Amino acid sequence: YLELVHANPGVDPWLPGDGTQITLPEQHILPDAPRKGIVINLAEFRLYYYSDDGVQTYPVGVGTEQNPSPLTQAKVTMRLESPAWYPPTSVREEYEKNGEQLPLMVPPGPENPLGPYALKLSAKGYLIHGTNKKFGIGMQVSHGCIRMYNDDISQLVFEVPKGTPVQFVKQPVKVGMSGNEVWLEIHRPKEEMDKAAKDQLWKDVMQKMDKLLDKHPGIEFQRHAVELAVDQADGVPRLVGEQVRQMAQNHDKETDDKPSL
């Protein structure tokens with residue numbers, strides 16, 4: 001939900017209107033993390049699964065500010081089919097404060113918040129699971145677990161073997177290379193960004209750029225494009241530069257390799 005809202009500022013997410021052009025964010029820069037197993041970037045509400053066949057990516061719901069998802073490393077320990085939900089004491093107490101009573105166990109079915117499947121993690125108390133409230137995908141809604149659309153978890157759960165590493169990261173700023181092109185993707189940390197939030201984004205961007213320059217010398221960034229990416233923070237990858245020096249070196253080499261006339 002937030003991914004679509006941020007990519008389409010000024011457009012009513014419920015009634016966009018006939019003929020309104022909508023940006024669908026279907027391209028993503030990979031997180032700065034080992035490309036192995038599952039990587040969950042909490043800042044963009046997205047899960048990446050790396051396998052021998054490539055990488056798959058899915059939108060997810062994550063923990064709220066009061067009950068955040070953990071920034072940790074874990075492993076998949078078990079696949080659960082039609083899981084029952086045993087609400088922890090803290091969740092039951094939270095419901096009781098709001099005048100609601102939760103049972104000790106919620107059986108499988110349409111009222112079960114875990115959906116049809118779940119992946120149990122070595123991080124105690126945390127799951128990657130389906131949901132009976134699909135509107136929460138792409139938002140901070142859970143008590144720390146990772147929620148997926150039921151169709152997505154139904155596919156992923158049979159592809160992920162036991163022991164698969166799971167890494168949680170929080171990277172609102174991502175930088176990547178595509179050939180000689182430099183792309184920048186920024187996700188806003190808060191719906192309304194104040195000066196402090198923008199300053200932090202700029203700090204993160206500069207650190208990412210410096211790190212990229214260490215690996216790829218000769219990059220020239222387009223400052224206006226970078227400023228626009230920071231100002232919008234809409235989660236859409238933007239072309240912000242290119243590796244000019246390397247391109248020139250390649251051109252010289254191609255010229256030297258050509259036979260003299």
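## Describing the overall build of the protein
Right, on to step 1. Secondary structure assignment for the protein yields 6 helices and 14 strands.
Right, on to step 2. Projected onto the principal axes, the alpha-carbon positions of the protein cover approximately 85 × 40 × 40 Å.
Right, on to step 3. Looking at the protein as a whole, 40% of its 261 residues are labelled buried.
Right, on to step 4. Sequence-distant contacts in the protein: of pairs separated by 6 or more residues, those separated by 24 or more amount to 63%.
Right, on to step 5. When the accessible surface of the protein is split by element, carbon and sulfur atoms take 51% of a total near 15600 Å².

## Thoughts on the pairing of strand 1 (residues 37-41)
Right, on to step 1. Judged by how many residues are buried, strand 1 sits mostly within the fold: 5 of 5 residues are covered.
Right, on to step 2. Examined bridge by bridge, strand 1 and strand 2 (residues 46-51) share 5 bridges and lie antiparallel to one another. Counterpart to valine 39 in the pairing with strand 2 is tyrosine 48.
Right, on to step 3. Between strand 1 and the antiparallel strand that follows it, strand 2, lie 4 residues; phenylalanine 45 among them carries a positive phi value of about 55°.

## Details of the nonpolar core
Right, on to step 1. Ranked by size, the top nonpolar core spans 25 residues in total, and within it Ile38, Ile40, Leu47 and Ile128 carry the most contacts.
Right, on to step 2. Looking at this core, the elements that each hand over two or more residues are strand 1, strand 2, strand 5 (73-81), strand 6 (117-121), helix 3 (150-156) and strand 10 (165-169).
Right, on to step 3. When residues of this core are assigned to their parent elements, the largest contribution, 3 residues, is made by strand 6.
Right, on to step 4. Sequence-distant contacts of isoleucine 40, that is, excluding residues within four places in its chain, are made with Arg46, Leu47, Ile128, Ile146, Val166, Gln167, Phe168 and Val169.
Right, on to step 5. Formed by 18 residues, the second largest nonpolar core is a distinct cluster that contains Val173, Val182, Val205 and Leu212.

## Let's talk about unusual backbone geometry
Right, on to step 1. Unlike most non-glycine residues, phenylalanine 45 shows phi in positive territory, near 55°.
Right, on to step 2. Mapped onto the elements, phenylalanine 45 comes out in the loop between strand 1 and strand 2.
Right, on to step 3. Owing to a relative accessible area of 15%, phenylalanine 45 belongs among the buried residues under this scheme.
Right, on to step 4. Of note, the phi angle at alanine 233 is positive, near 45°, even though the residue is not glycine.
Right, on to step 5. Here alanine 233 falls in the buried class, since its relative accessible area comes to 0%.

## Quick notes on the confidence of the model for the protein
Right, on to step 1. On average, residues of the protein score 90 in pLDDT, and 93% of them are at 70 or above.
Right, on to step 2. Contacts of residues 251-261 to residues separated by more than four positions or lying in other chains number 0 contacts, the stretch itself having pLDDT below 50.

## What to know about the sheet that holds strand 12 (residues 181-186)
Note: strands within a sheet are paired through backbone hydrogen bonds, in either parallel or antiparallel orientation.
Right, on to step 1. Reading across the sheet, the 4 strands line up as 11-12-14-13 and stay open at both edges, with antiparallel pairing between neighbours. The open sheet has two edge strands with one neighbour each: strand 11 (173-178) and strand 13 (219-221). Adjacent strand axes in the sheet meet at a mean angle of 30° when their direction is disregarded.
Right, on to step 2. Examined bridge by bridge, strand 13 and strand 14 (residues 238-243) share 3 bridges and lie antiparallel to one another. Note that in strand 14 the partner of isoleucine 219 across the bridge is glutamine 243.
Right, on to step 3. On top of the sheet, helix 4 (residues 195-215) reaches strand 11, strand 12 and strand 13; it is set at about 30° to strand 11, its chief contact.
Right, on to step 4. Packed onto the sheet, helix 5 (residues 223-232) meets strand 12, strand 13 and strand 14 and runs at close to 150° relative to strand 14.

## Quick look at the sheet that holds strand 9 (residues 146-147)
Right, on to step 1. Across the sheet, 8 strands lie side by side as 3-2-1-10-5-6-7-9; this open sheet has mixed pairing. Because the sheet does not close on itself, it has two edges, and the strands there are strand 3 (54-59) and strand 9.

## With respect to a nonpolar patch on the surface
Right, on to step 1. Together, Tyr1, Trp14 and Leu15 line one region of the surface with nonpolar side chains, adding up to about 410 Å² of accessible area.
Right, on to step 2. Topologically, tryptophan 14 is positioned in the loop between helix 1 (2-7) and strand 1.
Right, on to step 3. Assessed through its relative accessible area of 66%, tryptophan 14 is described here as exposed.

Rules and cut-offs
- Residues numbered from 1 in each chain as written.
- Predicted model: local features only at pLDDT ≥ 70, side-chain atom pairs only at ≥ 80, totals over all residues.
- Heavy atoms only, no water.
- Helix = DSSP H or I, 4+ residues; strand = E, 2+ residues; numbered from the N terminus.
- Buried < 20%, exposed > 50% of the residue type's maximum accessible area, 1.4 Å probe, protein only.
- Contact = heavy atoms within 4.5 Å.
- Areas by Shrake-Rupley, 256 points an atom, 1.4 Å probe, with all protein chains shown as cover.
- Pairing = 2+ DSSP bridges.
- Core = buried A, V, L, I, M, F, W, Y, C linked by side-chain atoms within 4.5 Å.
- pLDDT = per-residue confidence, 0-100.
- Axes fitted to C-alpha atoms, helices over the stretch in contact; angles between N-to-C directions.
- Patch = residues over 30% accessible without salt bridge, like charges linked within 9 Å, V, L, I, M, F, W, Y side chains within 5 Å.
- Salt bridge = Lys/Arg side-chain N within 4 Å of Asp/Glu carboxyl O.

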